[in-house]
There are 4 protein chains.
Amino acid sequence: MTAAKSTKNASHGTHQHGYADQKDALSKRLRRIEGQVRGVERMIDEDRYCIDVLTQISAIQAALDKVGLALLEDHARHCVVGGPEELKADRTEEMMAAVARLMRRG
Amino acid sequence: MTAAKSTKNASHGTHQHGYADQKDALSKRLRRIEGQVRGVERMIDEDRYCIDVLTQISAIQAALDKVGLALLEDHARHCVVGGPEELKADRTEEMMAAVARLMRRG
Amino acid sequence: MTAAKSTKNASHGTHQHGYADQKDALSKRLRRIEGQVRGVERMIDEDRYCIDVLTQISAIQAALDKVGLALLEDHARHCVVGGPEELKADRTEEMMAAVARLMRRG
Amino acid sequence: MTAAKSTKNASHGTHQHGYADQKDALSKRLRRIEGQVRGVERMIDEDRYCIDVLTQISAIQAALDKVGLALLEDHARHCVVGGPEELKADRTEEMMAAVARLMRRG
């Protein structure tokens, strides 16, 4: 993501993000997901059964969906609903585009 | 995944797995995904805008879906359709359960 | 959906719903989806090839996802962001639960 | 779906489809889904609360996913694994493309 692209969104500078209170929890969950991905690399390396590898991939997808939903909820609460009046329309549109991408329809 | 659980599947020991010819390609893709997850950790660390973080999460989901579909296709081809006759029924059932999990309906 | 269950949501009576301006467009899309479902019934009846039936089912899923996203966007805009202050917190939570269900994680 | 397009698949004429034994059950489920879609049309007509409409749409998606998975399993069993040797490779590829579409990655 380039700085140029980043200026096109409705973040408007130094505002405190929706997930500020949850940074530690999110970081912990992401480190666990990183470990799960490394676990799948190891399974491939050790020629583990395809179906067992797929089960682990589904578990990672579930964990990522949870992180995505947590971020989205914080964003909706703090940046959209609780955001500055003049940004609400843009941020609602932007949030809906993110929902569509999470639904694989973006 | 415990050894006990692993014996319940239809892998039957030392058979060569469906993805054998693609191990390098799969490992490379998984290392890239691992890097993408670390990238998201960094974004959280740097207080990046929620929507930009969500966009990266959707990109990881897309990459994981591709790995899942590649593994599934190799499995279907080599382990189910091309597998030993006496295991085909069990492996078909097992494969469909994996499809359901990838569709978040498992 | 029972009346009892319906009273638990944050709709609060006779408020005009988010999709009020789009009722005709939504009805038209839903009638088309109804026709697509009837089309699949006919395909089954005529013993059409499984894969062709599955292609039509995926088309219906795509059409339903679009209707879902349209409803969600109207709801976010008019009922959550543009709704009465005292209902915003409940409606945000309710909206996020709907997003989780659309992502098959509800 | 045009006849021209239909000839491109690996169905090869008058073969009995995978779902032959389940036609009644599938038809019944599809008629129920058709009724659910009509129910959503009615909800829109009666200005029901957006979130309640979305809940019903998610229920239809779940029912369609089930029909899709049932068709796919019958197809895998009877048309791919149990199909004629010379069509297995093509049918495996075709089946995987259907899985990708059901995962919204087609």
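The shown structure was predicted, so the numbers you read here are calculated from the model rather than taken from an experiment. (Residues numbered from 1 in each chain as written. Chains lettered and ligands numbered in written order. Predicted model: local features only at pLDDT ≥ 70, side-chain atom pairs only at ≥ 80, totals over all residues. Heavy atoms only, no water.)

It is worth spelling out the overall build of chain A at this point. Within chain A, the regular secondary structure consists of four helices and zero strands. Along chain A, helices (α) and strands (β) appear in the sequence α-α-α-α when read from the amino end. Long-range pairs, those at least 24 residues apart, make up 57% of the contacts in chain A between residues at least 6 apart in sequence. For chain A, the computed accessible surface area is about 4,800 Å², with 47% contributed by carbon and sulfur atoms. (Helix = DSSP H or I, 4+ residues; strand = E, 2+ residues; numbered from the N terminus. Contact = heavy atoms within 4.5 Å. Areas by Shrake-Rupley, 256 points an atom, 1.4 Å probe, with all protein chains shown as cover.)

Enumeration over the complete set of coordinates arrives at 28 salt bridges over all chains. Ionic pairing is found between Lys88 of chain B and Glu85 of chain B, a salt bridge with its closest N-O pair at 3.4 Å. What makes Lys88 of chain B buried here is its relative accessible area of 6%. Notably, a salt bridge pairs Arg105 of chain B with Asp65 of chain D, separated by 2.6 Å at the nearest N-O pair. Taken together, the residues Arg105 of chain B in the segment after α4 (88-102) and Asp65 of chain D in helix α3 (residues 50-81) connect one chain to another. What emerges from the salt-bridge pattern is a single network uniting Glu34 and Arg38 of chain A together with Glu34 and Arg38 of chain B. (Salt bridge = Lys/Arg side-chain N within 4 Å of Asp/Glu carboxyl O. Buried < 20%, exposed > 50% of the residue type's maximum accessible area, 1.4 Å probe, protein only.)

For helix α2 (residues 23-45) of chain D, spanning 23 residues, the distance from its first C-alpha to its last is 33 Å, which sits close to the expected 33 Å at 1.5 Å a residue. For α2 of chain D, the full list of buried residues reads Leu26, Ser27, Leu30, Ile33, Glu34, Val37, Gly39, Val40, Glu41, Met43 and Ile44 of chain D. Close packing links the buried residues of α2 of chain D with α2 (23-45) and α3 (50-81) of chain C together with α3 of chain D. Looking one or two places after α2 of chain D, you find Asp47 of chain D, whose phi comes out positive at around 55°. (Expected span 1.5 Å × (residues − 1).)

Moving on, we get to the relation of the copies chain B and chain A. Between the two copies, chain B and chain A, the superposition gives an RMSD of 0.0 Å; the rotation angle is 180° and the shift along the axis is 0.0 Å. In the structure described here, the two chain copies are related by an operation that fits a two-fold rotation axis. Minimal C-alpha distance to the rotation axis in chain B is attained by Glu34 of chain B, lying at 2.9 Å. When you check the interface residues of chain B against chain A, 100% turn up at the interface there too, and the contact is symmetric in its surfaces. (Least-squares fit on C-alpha atoms with pLDDT ≥ 70 in both.)

Take the interface of chain D and chain B next. Counting residues at the interface gives 21 residues for chain D, matched by 21 residues for chain B. There are two salt bridges connecting chain D and chain B. Broken down by element, the side of chain D that touches chain B gets its largest block of residues, ten residues, from α3 of chain D. Looking at the side of chain D that touches chain B residue by residue, the class counts come to 13 nonpolar, two polar and six charged. (Nonpolar A, V, L, I, M, F, W, Y, C, P; charged D, E, K, R; others polar.)

This next bit is on the interface of chain B and chain A. Taken together, the contact pairs 52 residues of chain B with 52 residues of chain A. Both sides of the chain B and chain A interface together cover about 4,700 Å² of buried area, and 64% of this is carbon and sulfur. Linking chain B to chain A there are six salt bridges. Its salt-bridge partner being Asp65 of chain B, residue Arg104 of chain A comes within 3.0 Å of it at the nearest N-O pair. Along the contact surface separating chain B from chain A lie 18 residue pairs in polar contact (both at pLDDT 80 or more). At the level of elements, α2 (23-45), α3 (50-81) and α4 of chain B are the ones that each hand at least two residues to the side of chain B that touches chain A. In terms of residue count, α3 of chain B provides more of the side of chain B that touches chain A than any other element does, 19 residues in total. (Buried area = accessible area lost by both parts, 1.4 Å probe. Polar contact = N/O pair within 3.5 Å; in protein donor to acceptor, adjacent residues only side chain to side chain.)

For the match of chain D to chain B, the screw axis carries a shift of 0.0 Å, the RMSD comes to 0.0 Å, and the turn is 180°. Taken as a fraction of all interface residues of chain D, those also at the interface in chain B reach 100%, which identifies the copy contact as same-surface.

Let us look at the packing of helix α2 (residues 23-45) of chain A against helix α3 (residues 50-81) of chain A. All names here are of chain A. Two elements in contact, α2 and α3, have axes separated by 10 Å at closest approach and are oriented at 165°. Between α2 and α3, the crossing angle belongs to the class labelled roughly antiparallel. You can see that α2 and α3 cross each other, and the crossing is left-handed. Mapping the contact onto sequence places Leu26, Arg29, Leu30, Ile33, Gln36, Val37, Val40, Met43 and Ile44 in α2 and Asp52, Val53, Gln56, Ile57, Ala59, Ile60, Ala63, Leu64, Lys66, Val67, Ala70 and Leu71 in α3. When its residues are assigned to classes, the contact of α2 with α3 shows 16 nonpolar, two polar and three charged. (Axes fitted to C-alpha atoms, helices over the stretch in contact; angles between N-to-C directions. Parallel < 35°, antiparallel > 145°, perpendicular 65-115°, else oblique. Left-handed = near helix turned anticlockwise from the far one by under 90°.)

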